[in-house]
Amino acid sequence: MNNFLSLFMKIHIHPVLWCVIAISIATAQFKNLLFLFLIVFIHEMGHAVCAHFFSWRIKRIMLFPFGGVAEVDEHGNRPEKEELFVILAGPAMHLPLQLAGYLLFLAGILPSADYELFTFNNVTIFLFNLLPIIPLDGGKLLFLGLSRYKPYLTAQHGAFILSSCFLLVYMLIALMFSPLQLNIWLISGFLAYSIYREYKQRHYSYMRFLLERYYGKQPAVPPLRPLIASSEETLLQVLLRFQKGCKHPIVVEENGKKITQLDENELLHAYFSEKRVNAKVNELLYAY
């Protein structure tokens, strides 16, 4: 229980949310602010509690106007089912929240107008978070889905492109139907910045992904997925094809014929520990 309570010490409010709070106070929308903060808080704690249940290393919990993010120190090497559960745990919290609001309404504790306002905020935040835009839950689901079939960097690049396209569509719709809604443009700007920041850090996050594989911090033995590599390829060219959720036996070919097989850790060791960043695969064949 104390471990779960420690999650509250990791909660931080993002400046964008402070801006939304300030706007709500300036426009005397106190109930709307209260409902907004409650929904965002419960949503994010759903992510955090689920991640804590799976023993993920949680760095901090950041609250945004339409959701949040539990920053973890895992770097893409957790089992796919765990990642899926953690992502969906936030949106799942909107169902008991709506039920609680309905019961309060039936009991006469929550007036009809307040219940309608609460329902609007709850449904809006739920649907908004499922948009396939980084760093929303929908964006995380998008990356997770692409990662099943594509190498980590390729999936990441695809998620950036699709997120940017969906954000552009969202902004065009907002421009047509709600051009004067300041909250929408604050959130759109934040999402655009988030995509840009994640894109700039893509190589760093990929190196962390590889390093975690090298140091063997995966909690379970992943399924094997052989990776065919030419003996003339560089180590980096092979490493760029690594995928999440699996372990790669490296099948080395020369002139279209298999000559040997390497463990992925042999490549990772040569690249990170021995600093052989420009080495080719054939240089490892007699080294191990």
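Residues numbered from 1 in each chain as written. Predicted model: local features only at pLDDT ≥ 70, side-chain atom pairs only at ≥ 80, totals over all residues. Heavy atoms only, no water.

### Things to note about the overall build of the chain
Convention followed: Secondary structure elements follow DSSP: runs of H or I of four or more residues count as helices, runs of E of two or more count as strands, with numbering from the N terminus. Burial status follows relative accessibility: with a 1.4 Å probe on protein chains alone, a residue under 20% of its type maximum counts as buried, one over 50% as exposed, and anything between as partly exposed. Residues are treated as being in contact if the distance between any of their heavy atoms lies within 4.5 Å. Each accessible area value is a Shrake-Rupley result obtained with a 1.4 Å probe; residue values ignore everything except the protein chains displayed when judging cover.
In terms of helices and strands, the chain carries 12 helices and 6 strands. Seen along its three principal axes, the alpha-carbon backbone of the chain occupies a region of about 75 × 45 × 25 Å. With 288 residues in all, the chain has 43% of them scored as buried. Partitioning the intrachain contacts of the chain with sequence separation of at least 6 by distance along the chain shows that 64% fall at a separation of at least 24. Here the chain displays about 15,400 Å² of accessible surface, and carbon together with sulfur accounts for 67% of that area.

### Quick notes on the UniProt feature "domain: Peptidase M50" (unreviewed entry) in the chain
Operational definition: UniProt positions are given in the numbering used here, feature names are shortened, and annotations may be inferred rather than shown by experiment.
Per the UniProt record, "domain: Peptidase M50" (unreviewed entry) is annotated on residues 33-106 and 117-167. Note that residues 117-167 is 78% helix and 0% strand, and that its end C-alpha atoms are spaced 26 Å apart.

### Focus: the UniProt feature "transmembrane region" (unreviewed entry) in the chain
Within this numbering scheme, the UniProt entry marks residues 7-27, 33-54, 84-105, 125-146 and 158-176 as carrying the feature "transmembrane region" (unreviewed entry). Secondary structure across residues 125-146 comprises 68% helix and 0% strand; the distance between its end C-alpha atoms is 24 Å.

### Details of a nonpolar patch on the surface
In plain terms, the rule: Only residues whose relative accessible area exceeds 30% and that form no salt bridge are eligible for patches; like-charged ones are grouped when within 9 Å, while nonpolar side chains (Val, Leu, Ile, Met, Phe, Trp, Tyr) are grouped when within 5 Å. Salt bridge, as applied in this entry: a Lys or Arg side-chain nitrogen positioned within 4 Å of an Asp or Glu carboxyl oxygen.
Residues Leu99, Tyr102, Leu103 and Leu106 make up a contiguous nonpolar surface patch of roughly 400 Å² in combined accessible area. Structurally, Leu106 can be placed in helix α5 (residues 94-106).

### Here we look at unusual backbone geometry
The omega angle of the peptide bond from Ile134 to Pro135 is 10°, so this bond is cis rather than trans. Tracing the sequence through the fold places Pro135 in the loop between α6 (112-129) and α7 (137-147). A positive phi angle, close to 65°, is found at Ser55, a residue other than glycine. On the secondary structure map, Ser55 appears in the loop between α3 (30-53) and β2 (58-64). Classification of Ser55 as exposed rests on a relative accessible area of 54%. Positive phi, close to 60°, is recorded for Asn255, a residue that is not glycine.

### Overview of the environment of Tyr170
Take Tyr170: it is sitting in helix α8 (residues 152-177). Once the C-alpha coordinates of Tyr170 and Ser188 are considered, the two residues, 18 residues apart in sequence, prove to be 8.3 Å apart. Those residues in contact with Tyr170, other than ones at most four positions away along the chain, are Phe128, Leu131, Ile184 and Ser188.

### What about the environment of Glu74?
With respect to the helices and strands, Glu74 occurs in the loop between β3 (67-72) and α4 (80-92). You can call Glu74 buried: its relative accessible area is 4%. Other than its neighbours up to four places away in sequence, Glu74 contacts Ser55, Trp56, Arg57 and Glu212.

### Observations concerning the side chain of Glu82
Mapped onto the secondary structure, Glu82 falls in helix α4. Take Glu82: its relative accessible area is 14%, and that puts it in the buried class.

### Examining the nonpolar core
Stated formally: Residues grouped as a nonpolar core are buried Ala, Val, Leu, Ile, Met, Phe, Trp, Tyr and Cys residues, joined through side-chain atoms within 4.5 Å.
In this structure, Phe242 and Ile250 are the most contacted members of the largest nonpolar core, which totals 44 residues. Among the elements that make up this core, the one with the highest residue count is α8 (8 residues). Not counting residues up to four positions away in its chain, the partners in contact with Phe242 are Pro151, Tyr152, Tyr206, Phe209, Leu210, Arg213, Leu227, His248, Ile250, Glu264 and Leu268.

### Things to note about the domain arrangement of the chain
Often the size quoted for an interface is simply the accessible area lost on bringing the parts together. What counts is decided by this rule: In this document the domain limits rely on a domain assignment from an automatic tool or a database.
Each domain of the chain was delimited in the assignment, giving domain 1 (1-130), domain 2 (132-217) and domain 3 (227-286). Distance from the C-alpha centre of domain 1 to the C-alpha centre of domain 3: 43 Å.

### Side note on the packing of α4 against α7
Which entries qualify depends on this criterion: Angles shown run from 0 to 180 degrees and are taken between the N-to-C directions of axes, each axis being a line fitted to C-alpha atoms and, for helices, limited to the stretch in contact. The cut-offs work like this: below 35 degrees is roughly parallel, past 145 is roughly antiparallel, 65 to 115 is roughly perpendicular, and the gaps in between are oblique. Whether a crossing is left-handed or right-handed is set by the direction in which the near helix is turned from the far one by less than a right angle, anticlockwise for left-handed and clockwise for right-handed. Following the grouping adopted for this structure description, the nonpolar residues are Ala, Val, Leu, Ile, Met, Phe, Trp, Tyr, Cys and Pro, the charged ones are Asp, Glu, Lys and Arg, and the polar ones are all others, Gly among them.
Contact geometry of α4 with α7 gives a least axis separation of 10 Å together with a crossing angle of 165°. Put simply, α4 runs roughly antiparallel to α7. As for how α4 packs across α7, the hand of that crossing is left-handed. In this structure, α4 uses Glu80, Glu83, Leu84, Ile87, Leu88 and Pro91 to contact α7, whose residues at the interface are Asp137, Lys140, Leu141 and Leu144. Along the lines of polarity and charge, the residues of the contact of α4 with α7 split into 6 nonpolar, no polar and 4 charged.

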